[in-house]
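Listed below, chain by chain, are the residues.
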Amino acid sequence: MRQLADELCSKSSKSEAELASGEIMKLNQSALANLVRNLTNDGLDEKAKKRYYSAASLCFNANVRYAYLQLLSRNLSNESVTAELNRTAELIKELSKAYNQVRTLTDLQIRGVIAERFTEAGELLDAAKEDFGNNSFEDGLYKLGYANERVSSAVAWAKFLSPKGSGQSKLSSDSLQQGCILKLQEAEEHVQYLNLYL
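A brief look at the structure comes next. (Residues numbered from 1 in each chain as written. Predicted model: local features only at pLDDT ≥ 70, side-chain atom pairs only at ≥ 80, totals over all residues. Heavy atoms only, no water.)

**As for the overall build of the protein**
Applicable threshold: Secondary structure follows DSSP: runs of H or I at least 4 residues long count as helices, runs of E at least 2 residues long count as strands, and numbering of each begins at the N terminus. Contacts are assigned to residue pairs with any non-hydrogen atoms lying within 4.5 Å of each other. Computed with a 1.4 Å probe, the accessible areas rest on the Shrake-Rupley method; for each residue, only the protein chains presented here act as cover.
A tally of helices and strands in the protein yields seven helices and zero strands. Traced from its N-terminal end to its C-terminal end, the protein shows the element sequence α-α-α-α-α-α-α. A separation of at least 24 residues holds for 76% of the contacts in the protein among residues at least 6 apart in sequence. As displayed, the protein has an accessible area near 11,700 Å², and 51% of this comes from carbon and sulfur atoms.

Following this line, the structure appears as structure tokens:
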């Protein structure tokens, strides 16, 4: 999780630096720009405290809002928006194929996370298309920016996949069964814990 937090927060820090200069500050979006700064700073604070999941989440949210501000600053025409939607949809298809290899149980779990992010990105693109069709341009841009960040987070997660030819154990039906049993036992422990408070 540290590697993921490092990557997302590094992107947030670069984005924050770009906020101060350039077209984005001309947008009358100072409240949103301040939110991006605050999310980034909070993410970096969490990372310093070794709370990597929280750091990654805060920085991801900063990146989503920054992506929206970037799109907004570009003054996109309808044709440019359509091209962006198509580019992102094509990227999702290509990357889904590229990250479809599963060699270990860990790969299977990571592949699930990646697939979930690609699915969400596709749903966001559909919602953005609907917004653009209903003349809700800014809502559509926000969802397009969010979809692009979901794709980026999937790519970040893909770095955890085992490389081809690695010495890790292969995925077999026995290892899959053992992994499922372990996850079921963990879920049962969570249910028992929750029952203490319910």
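**Some points on the packing of aromatic side chains**
Applicable threshold: Paired rings are identified among Phe, Tyr and Trp, the last through its six-membered ring, by centres lying within 6.5 Å, and are further divided according to the angle between planes into stacked (under 30 degrees), edge-to-face (over 60) and tilted (the rest). The classification of residues rests on relative accessible area computed with a 1.4 Å probe and restricted to protein chains. Under 20% of the type maximum is buried, over 50% is exposed, and intermediate values are partly exposed.
For the coordinates displayed, the defined rule picks out five aromatic pairs. For the pair Y68 and Y142, a centre-to-centre distance of 5.6 Å together with 65° between the ring planes defines the contact as edge-to-face. Here Y142 lies in helix 6 (residues 137–158) and Y68 lies in helix 3 (residues 52–73), a separation of 74 residues in the sequence. Of the residues examined, Y68 reaches a relative accessible area of 7% and is grouped as buried. Owing to a relative accessible area of 25%, Y142 belongs among the partly exposed residues under this scheme.

**Some thoughts on the packing of helix 4 (residues 78–98) against helix 5 (residues 105–133)**
Heads up, the condition is: Note on geometry: axes are lines fitted to C-alpha atoms, helical ones only across the stretch in contact, with angles between N-to-C directions running from 0 to 180 degrees. Should an angle fall under 35 degrees it is taken as roughly parallel, and over 145 as roughly antiparallel, whereas 65 to 115 is taken as roughly perpendicular and any remaining angle as oblique. Helix crossings get a hand from a simple test, with the near helix turned counterclockwise from the far one by less than a right angle marking a left-handed crossing and a clockwise turn marking a right-handed one. In this classification, the charged set is Asp, Glu, Lys and Arg, the nonpolar set is Ala, Val, Leu, Ile, Met, Phe, Trp, Tyr, Cys and Pro, and all remaining amino acids, among them Gly, are polar.
Relative to each other, helix 4 and helix 5 sit at 160°, their axes nearing to 10 Å. By the criterion of interaxial angle, the relationship of helix 4 to helix 5 is roughly antiparallel. Seen from above, helix 4 lies across helix 5 with left-handed handedness. Each of V81, L85, T88, A89, I92, L95 and S96 in helix 4 lies in contact with helix 5, whose residues at this interface are R111, F118, A121, G122, L125, A128, K129 and F132. Split into classes, the residues belonging to the contact of helix 4 with helix 5 amount to 10 nonpolar, three polar and two charged.

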